[in-house]
Amino acid sequence: MSSNSPRRPSSLIGWLLRWHPRLGAVVGLAIIAWGLSGLAHPIISRIQPSAEAYLYKLEAFSTADLLSVSEAAKHAGVAQPLTAVRLLAWQKQAYYRLQTESDIIWLNANSGAVVDNAERDYAEFLARHYLGDQHSAVKSISLQTEFDEDYVFVNRLLPVWRVAFEREDGMRVYVDTASDRLGTVVNNTKAATSVFFRYAHSWIFIKNDSLRLALMSICLVGGGIIALAGMLQYFLQWRAGRGWRQGRPALKVHRLLGVTVAITAVTFTSSGLYHLWQKQFVLQPLVAPVQSFSAEQLTVNWSALNAKIVQADLVAINEQAYFRTWYEGELHYIDASNGKVLADGERLHAIALAAQYMPTDAPIKATRTVESFNDEYGFVNKRLPVVAVDYERADHLSVYVEPRSGALATVVRDADRYEGFSFAFLHKWHFIDGLGHTARDIISACFAAGIALTFSLGMFLVIRRARR
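Numbering of residues starts from 1 in each chain and follows the order in which that chain's sequence is written. Residues qualify for local features only when their pLDDT is at least 70, as the model is predicted, and side-chain atom pairs are given and counted only at 80 or more; totals for whole chains, interfaces and linings, by contrast, use all residues. Note that the side-chain values use all heavy atoms of the structure and ignore hydrogens as well as water.

Draft legend 1. Inspection of the packing of aromatic side chains at higher detail. Aromatic rings from Phe, Tyr and Trp, taking only the six-membered ring of Trp, are treated as a pair when their centres fall within 6.5 Å; an angle between ring planes under 30 degrees marks them as stacked, one over 60 as edge-to-face, and anything in between as tilted. Evaluated as defined, the whole model comprises 23 aromatic pairs. Pairing Trp90 with Phe125 gives two aromatic rings, centres 5.7 Å apart and planes at 55°, and the pair type is tilted. A residue pair is termed long-range when its members are at least 10 positions apart, and Trp90 in strand E2 (residues 84-90) and Phe125 in helix H3 (residues 118-131) qualify at 35 residues. Taking 5.7 Å as the distance between ring centres and 20° as the angle between the ring planes, the aromatic pair formed by Phe147 and Tyr151 counts as stacked. By relative accessible area, which is 28% here, Phe147 ends up partly exposed. Think of it in three bands: with a 1.4 Å probe and only protein chains considered, a residue is buried below 20% of the maximum accessible area for its type, exposed above 50%, and partly exposed in between. In this structure Tyr151 comes out as buried when scored by relative accessible area, which is 0%. Three or more aromatic residues link up through ring pairs in this structure, and these residues are Tyr56, Trp90, Tyr95, Trp106, Tyr122 and Phe125. Strands are runs of DSSP state E lasting at least 2 residues, helices are runs of H or I lasting at least 4, and numbering of each runs from the N terminus.

Here it is in structure tokens:
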């Protein structure tokens, strides 16, 4: 036999030719859905509505003639324990925002008079500020205490006020009046694309978590195996003298596309599987107890503290009440009864919060103030600034807390770091960030589209063969 004649297909090639399309037919629709939603993701992110502003800056105000919390609450007849207290200025007037277990009460900080509807009015004010719309009528305002399909978990902040406007795009703005922050803005387009992505990519239509985990795992493993088998099949056929140029047009395109996107199909499916299962083993934090204080304990004299302040928020450190207060461009923790400054207050507060959420006997290695997102503490966590409390443990536990709100931002161990690195580089392609976000999104979207097209052609070939 001439050395240039094609070799006979090996038994392995025959086995691959039989089982490669069969397995593809089983998981093909899932891989196509993931590919198309991966293609759509950068497009969706670019057609989402954007806020006019992303920050609301409070102005400093005079402390002259301010009543203490105790005096203001007594004047207003507020006797319930207070779970949160905030002092701020709005429209050139200082207010106390008092929160009890069942209500939110706004008081004029100079007179102690109750301000009716202030919470709703402030929510509308913030919504208009962030949206940049001072004219559209408000359709509805409601307090939201749970995440739903419109305001999803990724937004993190709760409770928030949902302010819907009478506009053709159905705009609604979610704001947190306890911290002046924007939760998100949602219009009809964003709502529809969000539902599409979560159905196609996260399979939220399967309500049973265990069933969804099992089915997604099977399809991810199957997709990776198909890609690897396809590469092996191509190599063996190439060695046997049967390259991608042989066969009908659909088969040739399927082979060419397959060998082009096979590696990325493996990285997408493997990193997706890793991400899916790592979430099943995250550390579960404790629910921090809600601490409350009597208004009679909050007697600090503001005018004796400083001539002007920007804001003050009540916090608890080891069951002791302090005000987290900004003045003279710096943050100070002051005793809520006498105004004495607590040295190193934010660090002590962060350590106390970390101990509440994630108790451990391990010694503290360090505390770090994090003011921007990074590889370990990514944008998905939303909250900034936060303080990371690092512990001397084998898993290098870091507990990220937000002293501003007293919330747990996230918990990170080595296992989470490894998975985060895998997801960032193999799934979201941050390794080519140097080319720019647009270039990265275009390249990764093209490969996602290529994977979807490869599997679509493969299913087409299977169906055509079955009809013969």
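Draft legend 2. Region of the structure containing the nonpolar core. Here, the term nonpolar core denotes a set of buried Ala, Val, Leu, Ile, Met, Phe, Trp, Tyr and Cys residues that are joined through side-chain atoms within 4.5 Å. Ranked by internal contacts, the top residues of the largest apolar core, which has 32 residues, are Val85, Leu87, Tyr96, Leu98, Leu298, Trp302 and Phe323. Elements with a minimum of two residues in this core: helix H2 (69-76), E2, strand E3 (93-99), strand E4 (104-108), helix H7 (302-305), strand E10 (311-317) and strand E11 (320-327). The contact criterion used throughout is that any non-hydrogen atoms of two residues lie within 4.5 Å. Apart from residues lying up to four places away in sequence, Leu98 is in contact with Val69, Val78, Leu82, Ala84, Val85, Asp103, Ile104, Ile105 and Leu107. Residues Leu88, Ala123, Ala127 and Leu131 belong to the second largest nonpolar core, which totals 24 residues.

Draft legend 3. Highlighting unusual backbone geometry. Put simply, Leu158 and Pro159 share a cis peptide bond, and its omega is -10°. Here Pro159 shows up in the loop between strand E5 (138-144) and strand E6 (160-165). A cis amide bond links Leu384 with the next residue in sequence, Pro385, at an omega value of -15°. For Asp65, which is not glycine, the phi dihedral falls at a positive 70°. The topology assignment puts Asp65 in the loop between strand E1 (61-62) and H2. One non-glycine residue, Asn117, adopts positive backbone phi at about 60°. Along the chain, Asn117 falls in the loop between E4 and H3. Given a relative accessible area of 53%, Asn117 falls into the exposed group.

Draft legend 4. Spotlight on the pairing of strand E7 (residues 172-176). By the criterion of burial, E7 is predominantly enclosed, with five of the five residues buried. For two strands to be treated as a pair, DSSP must find no fewer than two bridges joining them. Sheet topology places E6 next to E7; four bridges connect them, and they run antiparallel. Counted as the bridge partner of Trp161 is Val175 from E7. Hairpin remark: E6 followed by E7, antiparallel, with six residues in the connecting loop; positive phi at Gly170, about 65°. Judged from the five bridges that link them, E7 and strand E8 (residues 181-186) form a sheet pairing that is antiparallel.

Draft legend 5. Just the environment of Asp169, in detail. With respect to the helices and strands, Asp169 occurs in the loop between E6 and E7. On the basis of relative accessibility, which here comes to 23%, the residue Asp169 falls in the partly exposed class. N or O atoms closer than or at 3.5 Å make up a polar contact, with two conditions inside protein: a donor-capable atom paired with an acceptor-capable one, and, for residues adjacent in sequence, both atoms drawn from side chains. A polar atom in the side chain of Asp169 sits 3.2 Å from the backbone nitrogen of Met171.

Draft legend 6. Structural context of the packing of helix H5 (residues 209-239) against helix H6 (residues 249-278). Running from N to C, H5 and H6 cross one another at 150°; their axes reach a closest spacing of 8 Å. Judged by the inter-axis angle, H5 sits roughly antiparallel to H6. Every pair of crossing elements has a handedness; the one defined by H5 and H6 is left-handed. For the pair formed by H5 and H6, the contact residues are Leu213, Met216, Ser217, Leu220, Val221, Gly223, Gly224, Ala227, Leu228, Met231, Tyr234 and Gln237 on the first element and Arg255, Val259, Ala262, Ile263, Ala265, Val266, Thr269, Gly272, Leu273, Leu276 and Trp277 on the second. Here the term charged refers only to Asp, Glu, Lys and Arg, the term nonpolar to Ala, Val, Leu, Ile, Met, Phe, Trp, Tyr, Cys and Pro, and the term polar to all other amino acids, Gly among them. Here the contact of H5 with H6 is built from residues that sort into 16 nonpolar, six polar and one charged. Every axis in this analysis is a line fitted to C-alpha atoms, fitted for helices over the stretch in contact. Angles between the N-to-C directions lie between 0 and 180 degrees. Any angle that falls under 35 degrees is termed roughly parallel, while one over 145 is termed roughly antiparallel, one within 65 to 115 roughly perpendicular, and all others oblique. Here a crossing is taken to be left-handed if its near helix is turned anticlockwise relative to the far helix by less than a right angle, and right-handed if that turn runs clockwise.

Draft legend 7. Spotlight on the sheet that holds strand E14 (residues 364-370). Across the sheet, which stays open at both edges, the four strands sit in the order E14-E15-E16-E17 with antiparallel pairing between neighbours. At either margin of the open sheet sits one strand with a lone partner, and together these are E14 and strand E17 (407-412). Sheet twist, expressed as the average angle between the axes of neighbouring strands with direction ignored, equals 20°. In the sheet, strand E15 (residues 386-391) pairs with strand E16 (residues 398-402) via four bridges, with the strands oriented antiparallel.

Draft legend 8. Looking closely at the packing of H6 against helix H10 (residues 437-467). Orientation of H6 relative to H10, taken along the N-to-C sense of each, is 130°, at an axis distance of 8 Å. Classed by the angle they form, the pair H6 and H10 counts as oblique. Note that H6 runs across H10; the crossing there is left-handed. Note on element contacts: H10 touches H6 through Ser444, Phe447, Ala448, Gly450, Ile451, Leu453, Thr454, Leu457, Gly458, Phe460 and Leu461, opposite Ala250, Leu251, Val253, His254, Leu257, Gly258, Thr260, Val261, Thr264, Ala265 and Phe268. Among the residues forming the contact of H6 with H10, the class breakdown is 14 nonpolar, eight polar and no charged.

Draft legend 9. Inspection of the sheet that holds E7 at higher detail. The strand order E5-E6-E7-E8 describes an open sheet built from four strands, whose pairing is antiparallel. The open sheet terminates on both sides in strands that have one partner only, identified here as E5 and E8. Within the sheet, the average angular offset between the axes of one strand and its neighbour, ignoring direction, is 20°. Its contacts with the sheet put H3 on E5, E6, E7 and E8, and the angle it makes with E6 is roughly 65°. Contacting E7 and E8, helix H4 (residues 188-201) runs over the sheet at an angle of about 85° to E8.

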